[in-house]
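The chain contents come next:
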Amino acid sequence: MTAFLCSNLAFAQIDTDTLSQNVIENVYKEVPNTVKKDSTKRTSFSAYPYVFYSPESQFAGGAGGIYIFYAGQQENLKPSKIGFGGYYSTNKQYKLSVSPNLYFFENKLYIEAPTSFGFFVNKFWGIGDNSPKSETASFSMESFTSTVTVQVPPKLFSADRTGLIFDYDKTSIVDTLENTLISNDSVVGNDGGESIGIGTDLLWDSRDNLFFPNNGSYQYFKVVVYPNGWGNFNYSQLQLDVKAFKAISPDHVFAFNFYIESVIGDTPFYRLPAIGGPSRMRGFFSGRYRDNFYGMMQLEYRQYVWKKFGMVAFGGLGNVSENILTYNFSTMKYSGGIGLRYLFNKKEKINLRMDIGFGSDGSRGIYFGIQEAF
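In short, a report on the structure. (Residues numbered from 1 in each chain as written. Predicted model: local features only at pLDDT ≥ 70, side-chain atom pairs only at ≥ 80, totals over all residues. Heavy atoms only, no water.)

### Let's talk about the overall build of the chain
Where we set the bar: To qualify as a helix, a DSSP run of H or I must reach at least 4 residues; to qualify as a strand, a run of E must reach at least 2; elements of each kind are numbered from the N terminus. In this scheme, a residue with accessible area under 20% of its type's maximum is buried, one over 50% is exposed, and one in between is partly exposed, where area comes from a 1.4 Å probe on protein chains only. By the convention used here, residues are in contact when the closest approach between their heavy atoms is within 4.5 Å. In short, Shrake-Rupley with a 1.4 Å probe defines the accessible areas, and a residue's cover is counted only from the protein chains shown.
Helix and strand counts for the chain come out as one helix and 20 strands. Counting the 374 residues in the chain, one finds 53% classified as buried. A separation of at least 24 residues holds for 57% of the contacts in the chain among residues at least 6 apart in sequence. In the structure as shown, the chain presents an accessible area of about 17,200 Å², 59% of it carried by carbon and sulfur atoms.

### Structural notes on the nonpolar core
Threshold: To qualify as a nonpolar core, a set must consist of buried Ala, Val, Leu, Ile, Met, Phe, Trp, Tyr and Cys residues joined through side-chain atoms within 4.5 Å.
Core analysis: the biggest nonpolar cluster contains 35 residues, and Phe139, Phe269 and Ile370 have the highest contact counts within it. Put simply, the parts of the chain that give this core at least two residues each are strand E4 (44–54), strand E5 (58–69), strand E10 (138–152), strand E11 (161–175), strand E13 (216–226) and strand E19 (350–359). Per-element tally for this core: the top contributor is E13, with four residues. When neighbours within four sequence positions are excluded, Phe269 is seen to be in contact with Phe124, Phe139, Ile173, Ile182, Val187, Val188, Gly189, Asn190 and Arg290. In this structure, Phe245, Ala247, Leu343 and Ala373 belong to the second largest nonpolar core, which totals nine residues.

### Focus: the pairing of strand E16 (residues 293–306)
Convention followed: Each pair of strands is called paired provided DSSP finds at least two bridges between the two strands.
Judged from the 11 bridges that link them, strand E15 (residues 252–265) and E16 form a sheet pairing that is antiparallel. Bridged to Phe254 within E16 is Tyr301. Direction of pairing for E16 relative to strand E17 (residues 309–321): antiparallel, over a ladder of 13 bridges. Across the sheet, the residue bridging to Gln298 is Gly316, located in E17.

### Concerning the pattern of salt bridges
Basically, it comes down to this: We define a salt bridge as a side-chain nitrogen of Lys or Arg found within 4 Å of a carboxyl oxygen belonging to Asp or Glu.
Evaluation of the coordinates by the stated rule reveals 14 salt bridges. Two residues, Arg353 and Asp355, come together in a salt bridge whose shortest N-O distance is 2.7 Å. Accessibility assignment for this pair places Arg353 and Asp355 in one class, buried. Beyond isolated ion pairs, a larger network of salt bridges with shared partners links Arg282, Glu300, Arg302, Arg341, Arg353, Asp355 and Glu372.

### What about the pairing of E17?
Each regular strand carries side chains that alternate between the two faces of the sheet. With antiparallel pairing between neighbouring strands as the criterion, E16 and E17 make up a hairpin whose turn holds two residues, including Lys307 at a positive phi of roughly 50°. By the bridge criterion, 10 bridges tie E17 to strand E18 (residues 333–345) in an arrangement that is antiparallel. Of the residues in E18, the one forming a bridge with Met311 is Leu340.

### Some thoughts on the environment of Glu75
Tracing the backbone shows Glu75 in the loop between E5 and strand E6 (80–89). For Glu75, a relative accessible area of 69% corresponds to the exposed category. Through-space distance from the C-alpha of Glu75 to that of Glu106 is 8.0 Å; in sequence the pair is 31 residues apart.

### Considerations on a nonpolar patch on the surface
For clarity, the cut-off: Put simply, a patch holds well-exposed residues, over 30% relative accessible area, that have no salt bridge, with like charges counted together within 9 Å and Val, Leu, Ile, Met, Phe, Trp or Tyr side chains within 5 Å.
Taken together, the side chains of Val148, Val150, Leu164, Phe166, Ile198 and Trp230 make up a nonpolar region of the molecular surface, amounting to roughly 500 Å² of accessible area. Structurally, Phe166 is set in strand E11.

### What to know about the packing of aromatic side chains
So the rule is basically this: Within 6.5 Å between ring centres, the rings of Phe, Tyr and Trp (the latter by its six-membered ring) count as paired, and their orientation is classed by plane angle as stacked under 30 degrees, edge-to-face over 60, tilted in between. Whether a charge sits over a ring depends on NZ of Lys or CZ of Arg being within 6 Å of the ring centre and within 35 degrees of the ring normal.
For the coordinates displayed, the defined rule picks out 21 aromatic pairs. A centroid spacing of 5.6 Å and a plane angle of 75° characterise the contact between Trp125 and Phe285, whose relative ring orientation is edge-to-face. Taken together, the residues span a long stretch of sequence, with Trp125 in the loop between strand E9 (115–123) and E10 and Phe285 in the loop between E15 and E16 at a distance of 160 residues. On the basis of relative accessible area, Trp125 is assigned to the buried category, the value being 8%. Its relative accessible area of 10% is what places Phe285 among the buried residues. The interplanar angle of 15° and the centroid separation of 4.2 Å between the aromatic rings of Tyr226 and Tyr235 together place this pair among those described as stacked. Exposure remark for Tyr226: the relative accessible area of 2% places this residue in the buried category. Aromatic rings pair up to connect Phe124, Phe139, Phe269 and Tyr270 into one cluster. Looking at Arg288, its charged tip hangs above the ring of Tyr289, at a distance of 4.4 Å from the centre.

### What about the side chain of Ser146?
What counts here: Counted as a polar contact is a pair of N or O atoms within 3.5 Å, where, for protein atoms, one must be capable of donating a hydrogen and the other of accepting one, and residues adjacent in sequence contribute only when both atoms are in side chains.
In this fold, Ser146 is placed in strand E10. Among the polar contacts listed, one links the side chain of Ser146 to the side chain of Thr115, at a separation of 3.0 Å. Those residues in contact with Ser146, other than ones at most four positions away along the chain, are Pro114, Thr115, Phe166, Asp167 and Tyr168.

Next comes the structure, spelled out in structure tokens:
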């Protein structure tokens, strides 16, 4: 095992929902081949400790990693992965997470089950595309979430896979931290509660690589209903995620992403569609603007520039609104930035990434992670 130890602290705005995926240091381990009939199907385990500082968490440290393997010997079987991570901060903020993504039977059965538990400080500025900045936007919450998706080839649609989704979220508002907006009983979910939902999805995926595609596309559509009586809230969620990739030369790639998310009903404020974070509209704090409808698009150029090192440039625009009919193009939010990449798994083309993004309202964020933003 080869270990790389770095003592630098990263000063970053971290999205609390994906904090355990942030990477500063990397430990890489290549383990013996476990699929005897195909010498190209090797398993690998990559782990990394990290430290960071953010205004919400103060100093924090933790560890994470990714285990990649093949759950069979079929020639075209895609690699399965299990990501994991955890951290603890000086203000007693913590999170533990595990995210299995598994392919079986020549990719005809796919199972994913991201699960996490943690206590962290989040922010809520109100609802709408013009919510004002506030020094008292913080609040603390404890949350357990798990979403199990089982997908198989569909019989009635021309998609690659369709599936059944079961979603569970239990959130407790531990302390409002003088956030008067959350103290308002008119805000749905101001005391926390349980969301229990069931739904379905459709997936079309023609990417030539799961982690760093050069060509192909990805379209994902899902609907989840949270029925009255199952949990504390009654609402529905719709999501459309479209991605396209085009290489002008090998590993010099233009990546495009169009994303829509909409909710209808009594949706808890912390589950409203929101701008920002490490994947979409980088530069905005995740949740800076929230509402029932969110639409955005982003473009990114990716290339390797020297040996295992690469760089990206990205830009995006989007907005939130009460519904699709009231979407206001005149108040669109913009973001852009650049990033560095390091190829630590050459066979599967998996990168460590560091992005710095800037939002049109003057906000900015630094993001460390594993794999591309989209």
